[in-house]
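Coordinates in review
Now for the letters of each chain:
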Amino acid sequence: MTSDPVIEIKFNHQGKTSYAFIDKESELNAASILKAFRSVCGEADYSDHILEFDDGSGDYVTLNDDQRLIPVLQHAAKKSENGRRITFRSSDLTCGENGCIATSGYSFVAASVRLLDGHQKLNYMQLKLKNVRKVLLVAKPSDRKVPEKARDLVSFLIRNDLHVFIEQPLLDEPDFNLENLKASDDRYKTNLSTYDKGCIEQYAREIDLVVTLGGDGTVLYTSALFQEHVPPVLSVFMGSLGFLTNVHLPEFPSIMTKILQGEGMRVTLRRRLHCSFYPDACCKIKQHKHVAKPTRSGVVLVNGNGGGEVSDDDEGPECSPGKKVLQREVMNELVLDRGPHAGLLMLDLYADGLHLTTIQADGLIIATATGSTAYSLSSGGSLVHPDKASMLITPICAHTLTCRPMILPFTIELKIRVSEGSRISAWASFDGRDTTELKPNDAIRVTASRYPFLSLCRVNPTEDWCRSLISTLHWNEREKQLPFS
């Protein structure tokens, strides 16, 4: 009886390549691979390293003790060049209570490459919705064209044996003609229900798909309905802008049929902001310890540069807000403005607890990449692709020219406080809703939301966004420059 062929293990570890061998395929498991890794790489403690291997399709899989991983290992070996090799790569990036720690520059770069690879895969990932049963239709009944079109959409969904939820005001519209629909098909009596905001909060995870019928405002209203988990959203255009609505009404039956048949759809992952309002927040300026500061004797001490040290008293406390009284998820922007007052608004802006600047202006916009084409753009902010995880800070008519728009990473925590010396109150609005007054010393904390908005694409995120710029902002619609005669 012959033994199994030898399996070759190739380790790429800290820029070096090493080889080990396993005699039998039956011994191919996490324990034997770790033992081989320690023997050829001389590592005393594997807990500081992560091993990954190509599963044969170009995707890297992390090695672990799960027995279900063994068939994947065997498949990876058979898919290699010689049919008996598995290639592993290592990283000494570890995560603990104090965050992630890289013990070498190589491992830090390797971790960043893995994150980039994962982000690129996410961009090209397709969403396949299985067993779609419950569909929420969000429409604007005040538009006289909407009830008739909503009736057509509901009829299509009911004919496909879907349970449709719709708001009561739309059902009450004469053009919707609910009684005739019920008389024509008994399924309208059982498969058509109404909803309210409380119902959405309670049963959000039971909704398989949301269909919006209207403009960008209808999409923002949908975002406000779902303050936590958001089902995939298919936005049908019937508005005047079209940055967020990418499916035209005649295309709806064919696209919806593809979804019901389980075909993959590209998704735009629109990140939202989590905003929390704290009244009477106690925020003081946090000084850098490397900033030169005069002492009582007039001598300037610079930490690490002049032999002196900065006293602990030089570093003020970070924002210590009181009890949170309001929180909202926003997809476009948080706006703080001067409301009905004629004076300048004074706002203290903190980034990760550090006092960044004090802004004197008519107001301030904290926008997402999705909201970059809205109020932020008209106030001088940049256009940002919705795939970019970022926060846009755009002053509104700043008093000084040095106060310019900024784009910050999505990982930063922002705090905006109405300055103690501000002559007027600020008025905050969240995607244009829930207007709230902020008096001096009141603050709002802004962080990345854990609940993004999943928008189904017509084609793909980039083409949908670029076409919206062309059609909405009318890019390149100008007379071309004449050539020299």
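Residues numbered from 1 in each chain as written. Predicted model: local features only at pLDDT ≥ 70, side-chain atom pairs only at ≥ 80, totals over all residues. Heavy atoms only, no water.

If you tally the helices and strands in the chain, you get 12 helices and 29 strands. Among the 485 residues that make up the chain, the fraction classed as buried is 43%. In the chain, once contacts between residues fewer than 6 apart in sequence are set aside, the share between residues at least 24 apart is 67%. Only carbon and sulfur atoms are counted for the fraction: they give 50% of the accessible area of the chain, which is about 26300 Å². (Helix = DSSP H or I, 4+ residues; strand = E, 2+ residues; numbered from the N terminus. Buried < 20%, exposed > 50% of the residue type's maximum accessible area, 1.4 Å probe, protein only. Contact = heavy atoms within 4.5 Å. Areas by Shrake-Rupley, 256 points an atom, 1.4 Å probe, with all protein chains shown as cover.)

So, on to helix α12 (residues 461–473). The end-to-end C-alpha distance of α12 is 18 Å, a good match for the 18 Å that 13 residues give at a rise of 1.5 Å each. Along α12, the positions that sit buried rather than exposed are Pro461, Asp464, Trp465, Ser468, Leu469 and Thr472. The buried side chains of α12 occupy one side of the element, clustering within an arc of 140 degrees when seen end-on. Contacts from the buried residues of α12 go to β15 (265–270). Looking at where α12 begins, the residue whose side-chain oxygen comes 3.2 Å from the main-chain nitrogen of Thr462 is Asn460. Within two residues after α12, His474 carries a phi angle of roughly 55 degrees, on the positive side. (Expected span 1.5 Å × (residues − 1). Arc of directions from axis to C-beta. Polar contact = N/O pair within 3.5 Å; in protein donor to acceptor, adjacent residues only side chain to side chain.)

Let us now look at a nonpolar patch on the surface. Taken together, the side chains of Val6, Tyr19 and Phe21 make up a nonpolar region of the molecular surface, amounting to roughly 310 Å² of accessible area. By secondary structure assignment, the location of Tyr19 is in strand β2 (residues 16–22). (Patch = residues over 30% accessible without salt bridge, like charges linked within 9 Å, V, L, I, M, F, W, Y side chains within 5 Å. Salt bridge = Lys/Arg side-chain N within 4 Å of Asp/Glu carboxyl O.)

Relative to strand β22 (residues 354–367), strand β20 (residues 333–337) runs antiparallel, the two being bridged by 5 bridges. Across the sheet, the residue bridging to Leu336 is Leu364, located in β22. With 7 bridges connecting them, strand β21 (residues 345–351) and β22 associate as antiparallel partners. Pairing of Ala351 across the sheet is with Leu354, part of β22. Count of turn residues in the β21/β22 antiparallel hairpin: 2 residues, of which Asp352 carries a positive phi of about 50 degrees. (Pairing = 2+ DSSP bridges.)

A word on the confidence of the model for the chain. Caution is warranted with low-pLDDT regions, since their predicted coordinates should not be read in detail. For the chain, per-residue confidence averages 82 on the pLDDT scale, and residues scoring 70 or more make up 84% of the total. The low-confidence segment residues 285–318 (pLDDT under 50) makes 42 contacts with residues lying over four places distant or belonging to another chain. (pLDDT = per-residue confidence, 0-100.)

Leu137, Val154, Phe176, Leu213, Phe252 and Met256 are the most contacted members of the largest nonpolar core, which totals 36 residues. Sort the elements by how many residues they give to this core and helix α4 (residues 146–159) lands first, with 7 residues. Beyond its immediate sequence surroundings of up to four residues, Phe252 is in contact with Leu153, Phe156, Leu157, Val211, Leu234, Val236 and Val247. One finds Leu334, Leu336, Ile416 and Ala426 within the second-largest nonpolar core, a separate group that totals 31 residues. (Core = buried A, V, L, I, M, F, W, Y, C linked by side-chain atoms within 4.5 Å.)

With that settled, consider the pattern of salt bridges. Taken as a whole and assessed by the stated rule, the structure comprises 12 salt bridges. For Glu413, the salt bridge is made with Arg445, and the minimal N-O distance between the two is 3.0 Å. Here Glu413 is found in the loop between β24 (406–409) and β25 (414–418), whereas its partner Arg445 is found in strand β28 (residues 443–448), with 32 residues between them in sequence. Classification of Arg445 as partly exposed rests on a relative accessible area of 25%. Here Glu463 ties to Arg467 by a salt bridge, and the two come within 3.0 Å at their closest N and O atoms. With a gap of 4 residues between them, Glu463 and Arg467 both fall in helix α12, about one helical turn apart. Salt bridges linked by common partners bring Asp161, Asp185 and Arg187 together as one network.

This brings us to the environment of Ala110. Mapped onto the elements of the fold, Ala110 is located in helix α3 (residues 105–124). The exposure class assigned to Ala110 is buried, which follows from its relative accessible area of 18%. Along the primary structure Ala110 and Arg89 are separated by 21 residues, whereas in three dimensions their C-alpha atoms are 9.5 Å apart.

Before going further, it helps to spend a moment on the packing of aromatic side chains. Applying the stated criterion across every chain yields a total of 4 aromatic pairs. Here the aromatic residues Phe11, Phe37, Phe53 and Phe88 are joined through ring pairs into a cluster of three or more. (Phe/Tyr/Trp six-rings, centres within 6.5 Å; stacked < 30°, edge-to-face > 60°.)

A few words on the pairing of strand β1 (residues 7–13). Summarising burial for β1: 5 of the 7 residues are buried, a large majority. In the sheet, β1 pairs with β2 via 7 bridges, with the strands oriented antiparallel. Residue pairing across strands places Phe11 opposite Ser18, the latter belonging to β2.

Of all 10 residues in helix α9 (residues 216–225), 7 are buried; the element is thus mostly enclosed. Along α9, the residues that are buried comprise Asp216, Thr218, Val219, Leu220, Thr222, Ser223 and Leu225. Taken together, the buried residues of α9 touch β9 (134–139), β11 (192–195), α8 (197–203), β12 (209–214), β13 (233–237) and β29 (453–456).

Once that is clear, we can look at the side chain of Asp362. Relative to the assigned elements, Asp362 resides in strand β22. A polar contact of 3.0 Å, which involves the side chain of Asp362, links it to the side chain of Arg338. With near-sequence residues (within four places) excluded, Asp362 lies in contact with Leu336, Asp337, Arg338, Leu344, Leu345, Ile396 and Cys397.

Before going further, it helps to examine the environment of Lys10. Among the structural elements, Lys10 can be located in strand β1. Sequence spacing of Lys10 and Phe53 is 43 residues, and the spatial spacing of their C-alpha atoms is 9.8 Å. Those residues in contact with Lys10 that lie beyond four places of it in its chain are Thr17, Ser18, Tyr19, Arg85, Ile86, Thr87 and Phe88.

Here we come to the side chain of Thr370. Mapped onto the secondary structure, Thr370 falls in the loop between β22 and α11 (375–378). Among all residues touching Thr370, those that are not within four sequence positions of it are Leu244, Arg270, Met331, Asn332 and Pro386.

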